[in-house]
Amino acid sequence: MNRTTRVKGTARAKRTASVKGTAGGRRARRLDPLSLTGLGCLLLLVLVALGSLVHAGGDPDAIVGPRLQPPGPGWWLGTDNLGRSMLPRVMEGVGTTLLLSSAAVLVTAALSAGFGILAGYRGGYLNELVMRVVELLYSFPAIVLAILVAAVAGPGQLAAVASIVLVTIPLMIRLVRAAAVAVAERDYVTAAAISGAGLPRILGRHILPNVAGTIAVQGTYALSVGISVEGGLSFLGFGVQPPQASLGVLIRQGGTYMMAAPWLIIGPGVVLVLAILSINVLGDGLRDRFEPRETRALI
Amino acid sequence: MILDLTDVTVSFTTGPPLRRTRLDAMRGVSLSVAEGETLGLVGESGSGKTTTSRVALGLQRPTSGTVRFDGRPFPRRRKDLAGRMQAVLQHPHWSLNPRMRIGQSVAEPLAVLGKDAGSLVPEALEQVGLEPGFADRYPHELSGGQRQRVSIARALITRPSFIVFDEAVSALDVSVQVQILNLLKDLQAEYGFAALFISHDLGAVRYVADRIAVMRGGEVVETADAVTFYSAPEHPYSRQLLESL
């Protein structure tokens, strides 16, 4: 999203807040249409994934017809090399990918909130320790880190989740910490400390609520990174193991027959792009809503 | 004496290793504030006023010298001081947590003490000239002057014996400043708290202070009664400050 749009969004948000002046003024800001579209797409994908639980598109493991058939009645996204219909497999794949990525992002968000806020507020040795570990993780290319995890933990869903956590956590901790440092200097935090408020109260009541926007925004970006890491890892064979479908698994299997049956990668590929795009667009919208002027300069 | 600073020095080191330079934010500062008295602390930016307030509030440990609050050094645990000392700080925009309702913010010092606010919050708001209905609002719905009133209500709610006002009115319009300063005097007459009133604005200080201390370059260059100070300042720097008024 370009800069002018953001500025516009902020000005509009300010106006709404001051005109309404209600208790929910902060909440009165709406997401812009583009982010709402992103949110809609994402919800649609979640719905599709839920549909696969009741085999709405058919049994993902059932052989329904000849091998490598182009899309047609009975197999709307074609059939794969074993004659399974791609439609239910893509539906299952979306579910697996979204589930693993969101689980990982929740872990990332929780850990980042804890360590980032503590490091940002306390500073000192704890800060140094956390930041050095974060830099260490940051210095590994994402996919190398993921392969390392898979090598240690063994390929599978756990490796996929752990890899996503390790890939997304450095950026999230840094940003949460930066936001916490900024909040920690504000007068209300000082006033609370002077009143004798203890660490749990200061972190929980004052700092966490004021960096929650950053966490939410970074969470959406981490989700899209997580989806691509899962895709990459499973594509390399270190993540989700067949016959369970994930978008990465499907793209890997489809890649073998790319020339003969391009629909094998077009289906899952398009869905993967759609998922990442809609999440990024949603993230931009959340960012405009949550941090109109406060933390933007830090990112 | 409620607050006693004796020969306090605070040094900061800055710069890269091997080329560290030492900066004295306070050098041999001695100040005292008696019960119920307002000490005005004036000086230009960078003169060490804010460091002095941080030392007085126990947020900054002095490099040397002693600080006594109510006759005793600061306790190790901040909680032991809870409610006896409060502050109204500089920036009305950031003096209140934007995610907390005004009522919660005002009640917080009591919550820290584990006391129930009960009817005290509406009372505290009325004391600073705000309607009790403000308790349900959020800070962004208030003007700068209203926010500073809320900060004062929050500071007063535990009936502290000492309050630090660090540039508490500097960011406000002149007319609002006068209102807040009047409020301050009224409240002090009623509750008798001692105050350290820090400002670069000699006019505002004159309005509230019983005694004045002037800081420059980390040192206190003159301490005098307000009346004496404004009529016959001793130190050349004080004269210079007064002439610019």
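Residues numbered from 1 in each chain as written. Chains lettered and ligands numbered in written order. Predicted model: local features only at pLDDT ≥ 70, side-chain atom pairs only at ≥ 80, totals over all residues. Heavy atoms only, no water.

Visitor: Honestly, the overall build of chain A in this entry has me stumped. Any pointers?
Guide: Along the backbone of chain A there are 10 helices and 0 strands. For chain A, the sequential pattern of α-helices and β-strands runs α-α-α-α-α-α-α-α-α-α. Of the contacts formed within chain A by residues at least 6 apart in sequence, a portion of 70% connects residues at least 24 apart. Surface summary for chain A: the accessible area is close to 13600 Å², and the carbon and sulfur share equals 70%. (Helix = DSSP H or I, 4+ residues; strand = E, 2+ residues; numbered from the N terminus. Contact = heavy atoms within 4.5 Å. Areas by Shrake-Rupley, 256 points an atom, 1.4 Å probe, with all protein chains shown as cover.)

Visitor: What's the story with the side chain of Asp-166 of chain B in this structure? I'm lost.
Guide: Residues and elements named next belong to chain B. Tracing the sequence through the fold places Asp-166 in strand β7 (residues 162-166). Buried and without a salt bridge, Asp-166 has Lys-49 as its closest oppositely charged side chain, separated by 7.0 Å. A distance of 3.2 Å separates a polar atom in the side chain of Asp-166 from a polar atom in the side chain of Ser-53. Residues within four places of Asp-166 in sequence aside, it is in contact with Thr-50, Ser-53, Val-88, Leu-89, Gln-90 and Ile-198. (Buried < 20%, exposed > 50% of the residue type's maximum accessible area, 1.4 Å probe, protein only. Lys, Arg positive; Asp, Glu negative; His and termini not counted. Salt bridge = Lys/Arg side-chain N within 4 Å of Asp/Glu carboxyl O. Polar contact = N/O pair within 3.5 Å; in protein donor to acceptor, adjacent residues only side chain to side chain.)

Visitor: Is there a simple way to explain the sheet that holds strand β8 (residues 194-199) of chain B in this structure?
Guide: All names here are of chain B. Overall, mixed pairing links the 6 strands, which are arranged β6-β7-β8-β3-β9-β10 in an open sheet. Two strands close off the open sheet at either side, each with one partner strand: β6 (85-88) and β10 (219-225). When the angles between neighbouring strand axes are averaged without regard to direction, this sheet yields 15 degrees. Along the sheet face, helix α5 (residues 174-191) touches β3 (38-42), β7 and β8 and points at about 165 degrees away from the line of β8. (Pairing = 2+ DSSP bridges. Axes fitted to C-alpha atoms, helices over the stretch in contact; angles between N-to-C directions.)

Visitor: Hey, could you run me through the pairing of β7 of chain B in this one?
Guide: Residues and elements named next belong to chain B. A large share of β7 lies buried, amounting to 5 of its 5 residues. Alignment of β7 against β8, held across 5 bridges, turns out to be parallel. Looking at the pairing, Val-164 lines up with Leu-196 of β8. In this region the chain leaves β7, passes through α5 and returns to the parallel neighbour β8; the handedness of that crossover is right-handed. (Right-handed = clockwise from strand over helix to strand, strands pointing away.)

Visitor: I'm lost on the packing of aromatic side chains in this one. Help?
Guide: For any pair of aromatic rings, the description consists of the separation of the ring centres together with the inter-plane angle of the planes. Residues and elements named next belong to chain B. This structure, assessed with the given rule, holds 5 aromatic pairs over all chains. Between Phe-69 and Phe-162, the ring centres sit 6.0 Å apart and the planes meet at 50 degrees, which makes this aromatic pair tilted. Of the two residues, Phe-69 is situated in strand β4 (residues 64-69) and Phe-162 in strand β7; the sequence distance between them amounts to 93 residues. Residue Phe-162 is classed as buried on the basis of its relative accessible area, which comes to 0%. For the ring pair Phe-165 and Phe-193, a centre distance of 6.4 Å and an interplane angle of 40 degrees mean the geometry is tilted. (Phe/Tyr/Trp six-rings, centres within 6.5 Å; stacked < 30°, edge-to-face > 60°.)

Visitor: Teacher, can you tell me more about the environment of Arg-239 of chain B here?
Guide: Residues and elements named next belong to chain B. Counting through the fold element by element, Arg-239 comes out in helix α8 (residues 236-243). Along the chain, Arg-239 and Arg-22 lie 217 residues apart, while their C-alpha atoms are 30 Å from each other. Here Arg-239 is in contact with Pro-233 and Glu-234, once residues within four sequence places are set aside.

Visitor: Would you mind showing me how to read the pattern of salt bridges here?
Guide: Pairing between side chains of opposite charge can happen when the charged atoms of each approach one another. Residues and elements named next belong to chain A. In this structure the tally under the stated criterion is 12 salt bridges over all chains. Salt-bridge contacts for Arg-89 lead to Asp-80; the nearest nitrogen and oxygen are separated by 3.7 Å. When sorted by exposure, Arg-89 lands in the same class as Asp-80, which is buried. Each of Asp-61, Asp-80, Arg-84 and Arg-89 takes part in salt bridges that share partners, so that together they form one network.

Visitor: Can you help me understand the packing of helix α8 (residues 199-236) of chain A against helix α10 (residues 263-290) of chain A in this one?
Guide: Packed helix pairs are specified by the crossing angle of their axes together with the interaxial distance, meaning the distance between the axes. Residues and elements named next belong to chain A. Relative orientation of the contacting elements α8 and α10 amounts to 170 degrees, with a least axis distance of 9 Å. Judged on the interaxial angle alone, α10 and α8 are roughly antiparallel. Between α8 and α10, the residues in contact are Gly-213, Ala-216, Val-217, Thr-220, Tyr-221, Leu-223, Ser-224, Ile-227 and Ser-228 and Leu-272, Ala-275, Ile-276, Ile-279, Asn-280, Gly-283, Asp-284, Leu-286, Arg-287 and Phe-290, respectively. Broken down by class, the residue content of the contact of α8 with α10 amounts to 11 nonpolar, 6 polar and 2 charged. (Parallel < 35°, antiparallel > 145°, perpendicular 65-115°, else oblique. Nonpolar A, V, L, I, M, F, W, Y, C, P; charged D, E, K, R; others polar.)

Visitor: I would appreciate a short explanation of the interface of chain B and chain A in the present structure.
Guide: In many analyses, interface size is given as the accessible surface area lost on bringing the parts together. Every contact between the two is made by 30 residues of chain B and, on the other side, 23 residues of chain A. Looking at the side of chain B facing chain A, the largest losses of area belong to Trp-94, Arg-99 and Glu-108 of chain B, adding up to 27% of the total buried there. Scanning the region where chain B abuts chain A turns up 1 salt bridge. A salt bridge links Glu-108 of chain B to Arg-201 of chain A, with the nearest nitrogen and oxygen atoms 3.1 Å apart. For the interface between chain B and chain A, the tally reads 10 residue pairs in polar contact (both at pLDDT 80 or more). Here the side of chain B that touches chain A is composed, by residue class, of 14 nonpolar, 9 polar and 7 charged. (Buried area = accessible area lost by both parts, 1.4 Å probe.)

Visitor: What exactly am I supposed to notice about the nonpolar core here?
Guide: Proteins that are soluble and globular tend to have nonpolar side chains buried together. All names here are of chain B. Counting 50 residues, the largest nonpolar core has Val-106, Ile-152, Phe-165, Phe-197 and Ile-212 as the members making the most contacts within it. The element best represented in this core is α5, accounting for 6 residues. Each of two domains, domain 1 (1-12 + 26-75 + 162-245) and domain 2 (96-159), supplies a minimum of three residues to this core. Not counting residues up to four positions away in its chain, the partners in contact with Val-106 are Val-121, Ala-124, Leu-125, Val-150, Ala-153, Arg-154 and Ile-157. (Core = buried A, V, L, I, M, F, W, Y, C linked by side-chain atoms within 4.5 Å. Domains from an automatic or database assignment.)

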